[in-house]
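Residue-level listing of the chains:
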Amino acid sequence: MKQRFRKWIERLFPPPIQPLTPGVFHWQTPPDSPRPHRLHLRIEPDGQGLLLLDASTVLHLNQTATEFAYHRILGTPAEEVARQIAKRYQVSENQALADYRTFLERLESLLNTPDLDPEIFLDLERRPPFQEPLSAPLRLDCALTYRTEDESIRRVAPVERVRRELIFEEWQKCLQKAWNAGIPHIIFTGGEPTLRPDLIDLIAYIESLGMVSGLLTSGLRLVEKEYLDRILASGLDHVMIVLDPLNEISWEAIRDTLAADLAVTVHLTITQGNQETLLNLIERLSRMGVARISLSATHTQLSEALQKARDHVARLGMHLVWDLPVPYSHLNPVALELSKGMEPPPQGAGIAWLYVEPDGDVLPYQGASTVLGNLLTDSWDVIWERAKQR
């Protein structure tokens, strides 16, 4: 009687499904495969996961999709996957098998789709991933330098505190440490990162590790065909160009980059000088084929213009990117936003992503005064524990 009653209670109130053991798992096609692919899966403590496709796209997965990805990487036969999923989630094996095959079809489609968004939510619900516990950040924003093309321009970067730049070998150690911690995504920023002669080598290095790579730049060097070809060959996955509307070379850089095999975002800073032509600038970008745009303003008095710009972006069907940093420069409003509270740091800053200065110091987010440690000299466990305790 007690046993029947217990089974009845378990059917009404099934126990929570225990997630898979956290960890990092890898798979790649044989070297001689005509269509080479590689997958990296990071399973979080709560059962959700991050799946890297060909070191170019990060998929955010719910618990069921994470288990499907896990079995895909292990090579578990489909019928066995269906049997295990059916048992774990109390569904029929036919339904579990159909769901698994649908997942594989979507995965195959994504693997063969060029110029994907660097981050995609393969989930029934699009939930911000930073709402759940993370075993490591989703991304590091690495400022390689605070130098800019025009050094006569007064900058807001903390150049008095950051007195040196890490050399190539030191950045290699930092990036290897990040990969070992399970961080899948690196964005190189500045200043102007293309002033670093080793930028292309650094992009190639994280490509060899299997990480997604991004670049935030003025774009002025991207009009040099040889340089653009080299940076594409290094494995760069996405780029954000900070538009200078008065500089025709800046527009040319956007045109040239849009024509390349690269996901492109454009950042537009709203100023007193361009607020009257702002909507026209956005329309020009849309006509060029820009699908992703980032916006900020240089003064709190421009908040109304900023909202109008956001509304216009939505009307044009463009995607507003809000969670990427902007390179420190004379147009960058970071100092204003942090000191006057125009907009707080995006939700997720300090946990979902961290910011690394040119000397290796790790900050919760760009412009923060708190130093969590140094990526070169401190252990990752110490840095991450400090980040979680904030």
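Small disclaimer: the values here were computed from a predicted structure and weren't measured.

Focus: the overall build of the protein
(1) Moving on: In terms of regular secondary structure, the protein is built from 12 helices and 15 strands.
(2) Moving on: Buried residues in the protein amount to 50% of all 390 residues.
(3) Moving on: Expressed as a percentage of contacts within the protein between residues at least 6 apart in sequence, the contacts between residues at least 24 apart total 69%.
(4) Moving on: For the protein, the exposed surface amounts to about 18800 Å²; the carbon and sulfur share of it is 52%.

Quick look at the side chain of histidine 185
(1) Moving on: Tracing the sequence through the fold places histidine 185 in strand 7 (residues 185–189).
(2) Moving on: Exposure remark for histidine 185: the relative accessible area of 2% places this residue in the buried category.
(3) Moving on: At 3.1 Å, the side chain of histidine 185 and the side chain of glutamate 119 are in polar contact.
(4) Moving on: Those residues in contact with histidine 185, other than ones at most four positions away along the chain, are Pro118, Glu119, Leu138, Arg139, Leu140, Val212 and His238.

As for the environment of glycine 214
(1) Moving on: Note on placement: glycine 214 falls in strand 8 (residues 212–217).
(2) Moving on: Taking C-alpha positions, glycine 214 is 5.4 Å from valine 239, a pair spaced 25 residues apart along the chain.
(3) Moving on: Not counting the four nearest positions on each side in its chain, glycine 214 is found in contact with Ile186, Ile187, Phe188, Leu236 and His238.

Notes on the confidence of the model for the protein
(1) Moving on: In this model, the protein carries a mean pLDDT of 86, and residues with pLDDT of at least 70 account for 85%.
(2) Moving on: Across residues 333–343, where pLDDT falls below 50, the model places 31 contacts with residues more than four positions away in sequence or in other chains.

Considerations on the packing of helix 8 (residues 248–258) against helix 9 (residues 278–288)
(1) Moving on: Where helix 8 meets helix 9, the closest approach of the two axes is 11 Å, and the angle between their N-to-C directions is 30°. The orientation of helix 8 relative to helix 9 falls into the category roughly parallel. In terms of crossing hand, the pair formed by helix 8 and helix 9 is right-handed. Contact residues: helix 8 offers Glu248, Trp251, Ile254, Arg255 and Leu258, while helix 9 offers Leu281, Arg284, Leu285 and Met288.
(2) Moving on: A class-by-class count of the residues in the contact of helix 8 with helix 9 yields six nonpolar, no polar and three charged.

A look at the packing of helix 2 (residues 63–74) against helix 3 (residues 78–89)
(1) Moving on: Orientation of helix 2 relative to helix 3, taken along the N-to-C sense of each, is 155°, at an axis distance of 11 Å. By the criterion of interaxial angle, the relationship of helix 2 to helix 3 is roughly antiparallel. Crossing of helix 2 over helix 3 shows right-handed handedness. Residues Gln63, Thr64, Glu67, Phe68 and His71 of helix 2 form the contact with helix 3, whose participating residues are Val81, Gln84, Ile85, Arg88 and Tyr89.
(2) Moving on: Of the residues that constitute the contact of helix 2 with helix 3, the class distribution is four nonpolar, four polar and two charged.

Things to note about the pattern of salt bridges
(1) Moving on: Evaluation of the coordinates by the stated rule reveals 16 salt bridges.
(2) Moving on: In this structure, glutamate 170 and arginine 164 form a salt bridge, with 3.1 Å as the shortest nitrogen-oxygen distance.
(3) Moving on: Judged by relative accessible area, glutamate 170 falls into the buried class, the value being 17%.
(4) Moving on: Look at arginine 164 and you get partly exposed, because its relative accessible area is 40%.
(5) Moving on: Note that arginine 255 and glutamate 248 form a salt bridge whose closest N and O atoms lie 3.6 Å from each other.
(6) Moving on: Salt bridges here are not isolated pairs; linked through shared partners, they connect Arg147, Glu165, Arg196 and Asp198.

Section: the environment of threonine 298
(1) Moving on: Within the secondary structure layout, threonine 298 lies in the loop between strand 11 (292–297) and helix 10 (303–315).
(2) Moving on: Taking the C-alpha atoms as reference points, threonine 298 and threonine 269, separated by 29 residues in sequence, lie 7.0 Å from one another.

Conventions adopted
Residues numbered from 1 in each chain as written. Predicted model: local features only at pLDDT ≥ 70, side-chain atom pairs only at ≥ 80, totals over all residues. Heavy atoms only, no water. Helix = DSSP H or I, 4+ residues; strand = E, 2+ residues; numbered from the N terminus. Buried < 20%, exposed > 50% of the residue type's maximum accessible area, 1.4 Å probe, protein only. Contact = heavy atoms within 4.5 Å. Areas by Shrake-Rupley, 256 points an atom, 1.4 Å probe, with all protein chains shown as cover. Polar contact = N/O pair within 3.5 Å; in protein donor to acceptor, adjacent residues only side chain to side chain. pLDDT = per-residue confidence, 0-100. Axes fitted to C-alpha atoms, helices over the stretch in contact; angles between N-to-C directions. Parallel < 35°, antiparallel > 145°, perpendicular 65-115°, else oblique. Left-handed = near helix turned anticlockwise from the far one by under 90°. Nonpolar A, V, L, I, M, F, W, Y, C, P; charged D, E, K, R; others polar. Salt bridge = Lys/Arg side-chain N within 4 Å of Asp/Glu carboxyl O.

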